[in-house]
Amino acid sequence: MSELIVALDMQNLDDVKNIVKEFDKKVDFYKVGMELFYSEGKRAIEYLKNENKKVFLDLKLHDIPNTVSKGLISLANLNVDILNVHASGGFSMMKFANESLKEFCYKKNLITPKLIAVTILTSIGDEDYEKIGYKYDVKNQVLNLAKLTKKAGLDGVVASVLEANLIKQNLGENFLIITPGIRPNFANINDQNRIASPSEAIKNGSTHLVIGRALTLANDRLKALEEILKEMEI
């Protein structure tokens with residue numbers, strides 16, 4: 001069954017606490033991205049873990065293999081559930097980072113977080129993508145990066161709903177497909193391009209649905225959450 005991850009795209013820990021308390025037991029999984037982590041640091045993670053919540057720390061590491069591996073090792077001490085890197089960092093970077101993370105967690109007797117890779121950002125549309133100069137079209141490039149990610153030993157990818165079914169068909173049921181760009185019917189598109197509804201995401205094979213502003217900025221957050229959870233029951 002697909003799982004909802006609520007994106008806490010905000011800077012203030014008090015705002016985070018208000019949302020977590022409001023959603024109470026209805027939401028078990030939260031995403032902490034750059035905006036919150038750069039402003040509140042590990043305090044945000046510690047709060048969520050103390051509330052028995054699962055955490056996807058979305059920092060999208062992208063650098064040389066040694067730097068990324070050391071960064072992941074530092075983050076592993078936070079006891080989060082999912083970490084991520086950019087697949088465009090390459091096979092060697094992903095493989096070395098993954099092996100270093102697992103070795104560190106084994107030596108320190110820590111639970112190894114799932115490690116996933118970002119393929120192509122869901123905010124990138126056809127025009128922006130063309131300017132980057134990739135050889136393949138978006139779908140084939142995403143699949144290519146997903147295959148590279150699995151070959152490197154990682155647990156899954158971040159990709160749009162539009163590529164989820166293709167990834168699932170080629171890489172199997174146990175490969176995580178975490179999809180941002182989820183927009184319920186009542187929500188604004190904002191700065192996303194490759195988007196879909198919660199029900200479409202599940203039908204296409206997404207294992208985790210990341211939803212942020214459609215929930216956290218809703219006039220009635222609980223009502224919005226109920227509508228999304230209902231739409232996910234397919």
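Within an unreviewed UniProt entry, the label attached to the protein chain reads Orotidine 5'-phosphate decarboxylase, and the organism entered is Campylobacter ureolyticus ACS-301-V-Sch3b. Under the UniProt heading Catalytic activity (unreviewed entry), the entry covering the protein chain gives this text: "orotidine 5'-phosphate + H(+) = UMP + CO2". Within the UniProt record for the protein chain, the comment given under Function (unreviewed entry) is "Catalyzes the decarboxylation of orotidine 5'-monophosphate (OMP) to uridine 5'-monophosphate (UMP)."

Q: Quick question: what am I supposed to make of the pairing of strand 1 (residues 3-7) here?
A: On a regular strand, each side chain points to the face opposite its neighbour's, so the side chains alternate between the two faces of the sheet. Burial analysis of strand 1 places four of its five residues in the buried class, which makes it a mostly covered element. Where strand 1 lies against strand 2 (residues 29-33), two bridges are found, and the strand directions are parallel. Paired with Val6 across the strands is Tyr30, a residue of strand 2. Once the chain exits strand 1 it traverses helix 1 (residues 13-23) before rejoining the sheet at strand 2, and the crossover so formed is right-handed.

Q: Got a minute to help me understand helix 4 (residues 65-76) in this structure?
A: In an α-helix, one full turn covers 3.6 residues, which means residues spaced three or four apart are oriented alike. Between its terminal C-alpha atoms helix 4 stretches 16 Å, which fits the 16 Å expected from twelve residues at 1.5 Å a residue. Of the surrounding secondary structure, the elements contacted by the buried residues of helix 4 are helix 2 (34-40), strand 3 (54-61), strand 4 (82-86), helix 5 (91-107) and strand 5 (114-118).

Q: In this structure, what is going on with the side chain of Ser160? I would like to understand it.
A: Mapped onto the secondary structure, Ser160 falls in the loop between strand 6 (156-158) and helix 8 (161-171). Here the side chain of Ser160 touches Leu162 through a polar contact of 3.1 Å, landing on its backbone nitrogen.

Q: Help me understand the UniProt feature "active site" (unreviewed entry) in the protein chain, please; the structure alone is not making it clear to me.
A: UniProt tags Asp58, Lys60 and Asp63 as "active site" (unreviewed entry). Summarising the element assignment, Lys60 is placed in strand 3. Since its relative accessible area comes to 23%, Lys60 is described here as partly exposed. Other than its neighbours up to four places away in sequence, Lys60 contacts Met34, Asn84, Val85, His86, Val118 and Leu121. At 2.8 Å, the side chain of Lys60 forms a polar contact with the side chain of Asp58. Its location among the elements puts Asp63 in the loop between strand 3 and helix 4.

Q: How should I be thinking about the packing of helix 1 against helix 3 (residues 42-50) in this particular structure?
A: The geometry of a pair of packed helices is captured by two quantities: the angle between their axes and the separation between those axes. Contact geometry of helix 1 with helix 3 gives a least axis separation of 11 Å together with a crossing angle of 20°. Taken together, the axes of helix 1 and helix 3 lie roughly parallel to each other. Relative to helix 3, helix 1 is oriented so that their crossing is right-handed. Contact residues: Leu13, Val16, Lys17, Val20 and Lys21 in helix 1; Arg43, Ala44, Tyr47 and Leu48 in helix 3. Considered class by class, the residues forming the contact of helix 1 with helix 3 number six nonpolar, no polar and three charged.

Q: Teacher, can you tell me more about the layout of surface pockets here?
A: Empty space among the atoms becomes apparent when a probe as large as a water molecule is rolled across them. Put simply, the second largest pocket is a space of about 190 Å³. Per-class residue counts for the lining of the second largest pocket are six nonpolar, one polar and five charged.

Q: Can you help me understand the nonpolar core in this one?
A: The tendency in soluble globular proteins is for nonpolar side chains to be buried as a group. Counting 69 residues, the largest nonpolar core has Leu57 and Val85 as the members making the most contacts within it. In terms of residues, this core owes the most to one element, helix 5, which gives six residues. Residues contacting Val85, with those up to four places away along its chain left out, are Lys60, Leu61, Val68, Leu72, Met93, Met94, Leu115, Ile116, Ala117, Val118 and Leu154. Counting eleven residues, the second largest nonpolar core, distinct from the first, contains Ile5, Ala7, Phe56 and Ile82.

Q: What is the right way to look at the packing of aromatic side chains in this model?
A: Any pair of aromatic rings gets described here by the distance separating the centres and the angle formed by the planes. Under the definition given, this model contains zero aromatic pairs. Stacked on the ring of Phe91, the Lys or Arg Lys151 has its end atom at 5.5 Å from the ring centre.

Q: What's the story with the environment of Lys21 in this structure? I'm lost.
A: Residue placement: Lys21 occurs in helix 1. Look at Lys21 and you get exposed, because its relative accessible area is 61%. Spatially, the C-alpha atom of Lys21 lies 9.4 Å from that of Glu51, the residues being 30 residues apart in sequence.

The rules behind these values
- Residues numbered from 1 in each chain as written.
- Predicted model: local features only at pLDDT ≥ 70, side-chain atom pairs only at ≥ 80, totals over all residues.
- Heavy atoms only, no water.
- UniProt positions renumbered as here; feature names shortened; annotations may be inferred.
- Buried < 20%, exposed > 50% of the residue type's maximum accessible area, 1.4 Å probe, protein only.
- Helix = DSSP H or I, 4+ residues; strand = E, 2+ residues; numbered from the N terminus.
- Pairing = 2+ DSSP bridges.
- Right-handed = clockwise from strand over helix to strand, strands pointing away.
- Expected span 1.5 Å × (residues − 1).
- Contact = heavy atoms within 4.5 Å.
- Polar contact = N/O pair within 3.5 Å; in protein donor to acceptor, adjacent residues only side chain to side chain.
- Axes fitted to C-alpha atoms, helices over the stretch in contact; angles between N-to-C directions.
- Parallel < 35°, antiparallel > 145°, perpendicular 65-115°, else oblique.
- Left-handed = near helix turned anticlockwise from the far one by under 90°.
- Nonpolar A, V, L, I, M, F, W, Y, C, P; charged D, E, K, R; others polar.
- 1 Å grid on protein atoms, 1.4 Å probe; cavity = no way out; pocket = protein on both sides within 12 Å on 5 of 7 lines; lining within 4 Å.
- Points joined across faces, edges and corners; volume = space filled by probe spheres on them.
- Core = buried A, V, L, I, M, F, W, Y, C linked by side-chain atoms within 4.5 Å.
- Phe/Tyr/Trp six-rings, centres within 6.5 Å; stacked < 30°, edge-to-face > 60°.
- Lys NZ or Arg CZ within 6 Å of the ring centre and 35° of its normal.

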